Amino acid sequence: MSILKIAKLGHPVLQKKASLVDKLPDPNIKKLIQDMTETMLEYNGIGLAAPQVHVSKQVMILRIPDEEKKDNNSIEIMALINPKILKTFEPIENDWEGCLSIPHMLGLVKRFSRIIYEGLDMNGNAIKKEATGIHARIFQHEFDHLNGILYIYRLANNKAFGFENEIKKYWKDINEKE
Ligand code: NI
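Remember, it's a predicted structure, so these values are computed and weren't measured experimentally.

**Q** Would you mind showing me how to read the environment of glutamate 93 here?
**A** Its location among the elements puts glutamate 93 in strand S3 (residues 77–99). Looking at glutamate 93, the relative accessible area reads 39%, which means it is partly exposed. Separated by 70 residues in sequence, glutamate 93 and phenylalanine 163 have C-alpha atoms that sit 22 Å apart. The residues touching glutamate 93, leaving out its near neighbours within four places in the chain, are Val109, Lys110, Arg111, Ser113 and Arg137.

**Q** I keep staring at the environment of glutamine 15 and nothing clicks. Help me out?
**A** Here glutamine 15 lies in the segment before helix H1 (27–42). Placed 150 residues apart in sequence, glutamine 15 and asparagine 165 show a C-alpha to C-alpha distance of 27 Å. Ignoring any residue separated from it by four or fewer positions in sequence, one finds glutamine 15 in contact with Gly148 and Tyr153.

**Q** What am I meant to see in the packing of aromatic side chains here?
**A** By convention here, two paired aromatic rings are described through the distance between centres and the angle between planes. Counted by the stated rule, this structure contains four aromatic pairs. With a centroid separation of 6.3 Å and 65° between ring planes, the pair formed by tyrosine 151 and phenylalanine 161 is classed as edge-to-face. Placement of the pair is tyrosine 151 in the loop between helix H2 (133–146) and strand S6 (161–163) and phenylalanine 161 in strand S6, with a sequence separation of 10 residues. Following the ring pairs from residue to residue traces out a cluster consisting of Tyr117, Phe139 and Phe143. One cation-aromatic arrangement involves arginine 114 over phenylalanine 89; the distance from NZ or CZ to the ring centre is 3.8 Å.

**Q** How do you make sense of the pairing of strand S5 (residues 126–132) when you look at a structure like this?
**A** Strand residues, when the strand is regular, have side chains that alternate between the two faces of the sheet. In the sheet, strand S4 (residues 102–120) pairs with S5 via seven bridges, with the strands oriented antiparallel. Bridge pairing in S5 links isoleucine 116 to glutamate 130. Hairpin connection between S4 and S5: a loop of five residues separates the two successive antiparallel strands, and glycine 124 in this loop has a positive phi of roughly 90°.

**Q** How do you make sense of the side chain of lysine 69 when you look at a structure like this?
**A** With respect to the helices and strands, the residue lysine 69 is situated in the loop between strand S2 (59–63) and S3. Among the polar contacts made by the side chain of lysine 69, one reaches the main-chain carbonyl oxygen of serine 74 at a distance of 2.5 Å. Discounting chain neighbours no more than four positions away, the residues touching lysine 69 are Ile64, Ser74 and Glu76.

**Q** Looking at this structure, I do not really get the coordination of the nickel ion. What am I missing?
**A** Ideal geometry at a metal centre: 109.5 degrees between donors when four sit tetrahedrally, and 90 or 180 degrees when six sit octahedrally. Within the protein, the nickel ion binds to Cys99 (SG), His141 (NE2) and His145 (NE2); these donor distances fall in the range 2.1 to 2.2 Å. Going along the chain, you hit the donors of the nickel ion in the pattern C-x41-H-x3-H. Here the residue histidine 141 and the residue histidine 145 both occupy positions in helix H2, the gap between them amounting to four residues, near one helical turn.

**Q** I tried to follow the environment of lysine 30 on my own but got confused; where do I start?
**A** As for its position among the elements, lysine 30 is in helix H1. For the pair lysine 30 and leucine 4, spaced 26 residues apart in the sequence, the C-alpha separation amounts to 15 Å.

**Q** Explain the pairing of S2 here, please?
**A** Summarising burial for S2: four of the five residues are buried, a large majority. As judged from the three bridges shared by strand S1 (residues 47–49) and S2, these two strands associate in the antiparallel manner. Counted as the bridge partner of leucine 48 is isoleucine 61 from S2. Strand direction decides the pairing type here: S2 and S3, joined by five bridges, are antiparallel. Considered in S3, the bridge of methionine 60 is made with leucine 80.

**Q** Can you walk me through the pattern of salt bridges in this structure?
**A** Side-chain pairs of opposite charge can arise where the charged atoms are in close proximity. By the definition in use, this model includes eight salt bridges. One salt bridge in this structure joins arginine 111 and aspartate 144, with 2.8 Å as the shortest N-O distance. With a gap of 33 residues between them, arginine 111 in strand S4 and aspartate 144 in helix H2 connect regions that are remote in the sequence. Note on accessibility: arginine 111 and aspartate 144 belong to one class, buried. For aspartate 144, the salt bridge identified is with arginine 154, shortest N-O distance 2.6 Å. Here the residue aspartate 144 occupies a position in helix H2, and arginine 154 occupies one in the loop between H2 and S6, the gap between them amounting to 10 residues. Relative accessible area serves as the criterion here: at 31%, arginine 154 is assigned to the partly exposed category. What emerges from the salt-bridge pattern is a single network uniting Glu97, Arg111, Arg137, Asp144 and Arg154.

Conventions adopted
- Each chain has its residues counted from 1, running along the sequence as written.
- Local features in this predicted model are restricted to residues of pLDDT 70 or higher, and side-chain atom pairs are both shown and tallied only at a pLDDT of 80 or more, whereas totals for entire chains, interfaces and linings draw on every residue.
- The basis for every side-chain value is the complete set of non-hydrogen atoms in the structure, without hydrogens or water.
- Labels follow the DSSP assignment, with helices taken as runs of H or I lasting at least four residues and strands as runs of E lasting at least two, numbered in each case from the N terminus.
- Three exposure classes are used, based on accessible area relative to the maximum for each residue type with a 1.4 Å probe and protein chains only: buried under 20%, partly exposed in between, and exposed over 50%.
- In this analysis, two residues are considered to be in contact whenever any of their non-hydrogen atoms come within 4.5 Å of each other.
- Side-chain rings of Phe, Tyr and Trp, where Trp is taken by its six-membered ring, are said to pair if the distance between their centres is within 6.5 Å; with planes under 30 degrees apart they count as stacked, over 60 as edge-to-face, and otherwise as tilted.
- Only lysine NZ and arginine CZ atoms are considered, and such an atom sits over a ring when it is within 6 Å of the ring centre and within 35 degrees of the ring normal.
- Any two strands are treated as partners once DSSP identifies two or more bridges connecting them.
- Here a polar contact means two N or O atoms within 3.5 Å. Within protein one must be a hydrogen donor candidate and the other an acceptor candidate, and residues neighboring in sequence count only if both atoms are side-chain atoms.
- Atoms of type N, O and S within 2.8 Å of a metal are treated as its donors, and for Na, K and Ca the window is 3.2 Å; water is not considered, so some sites may appear to be missing partners.
- Within this document, salt bridges are pairs made up of a side-chain nitrogen of Lys or Arg and a carboxyl oxygen of Asp or Glu, the two lying within 4 Å of each other.

Encoded structure:
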């Protein structure tokens, strides 16, 4: 496995729609997912999309939140290929997000509170899930990457964006979300 170089804000690969994966299983996709997993863990991410490692394909991974895991002692990571959002539910919720492609920054981002999504695993098996909370948020963030959309385009408020240190200092209660 290898740690991959992360594309940073301004790189065009982050702003274009990624292409569909047309055949599974594919050893190259499997290797990509393994390398993305190692890269995400190295940089303490909770999700990663292939365009962030300069591969413009519809592949994303996300870390399953602790409260949804079966086994508390392990890290569970799910890979999704060619994902789609089937249904979104209001209310819209605002919460702080960061991104490995926009290091040291945080923004307050609008997301649907609940979604139903589908996709394929690395063997080509169908996955369909309903997600809420942080799981729904991570999915929407990574799904956006596959469509060339960054969280900074979805800020709840133009002023609610800045360096991590300053946000933590001046947005007194970071959970206030206003
Ligand atoms: Ni991101």
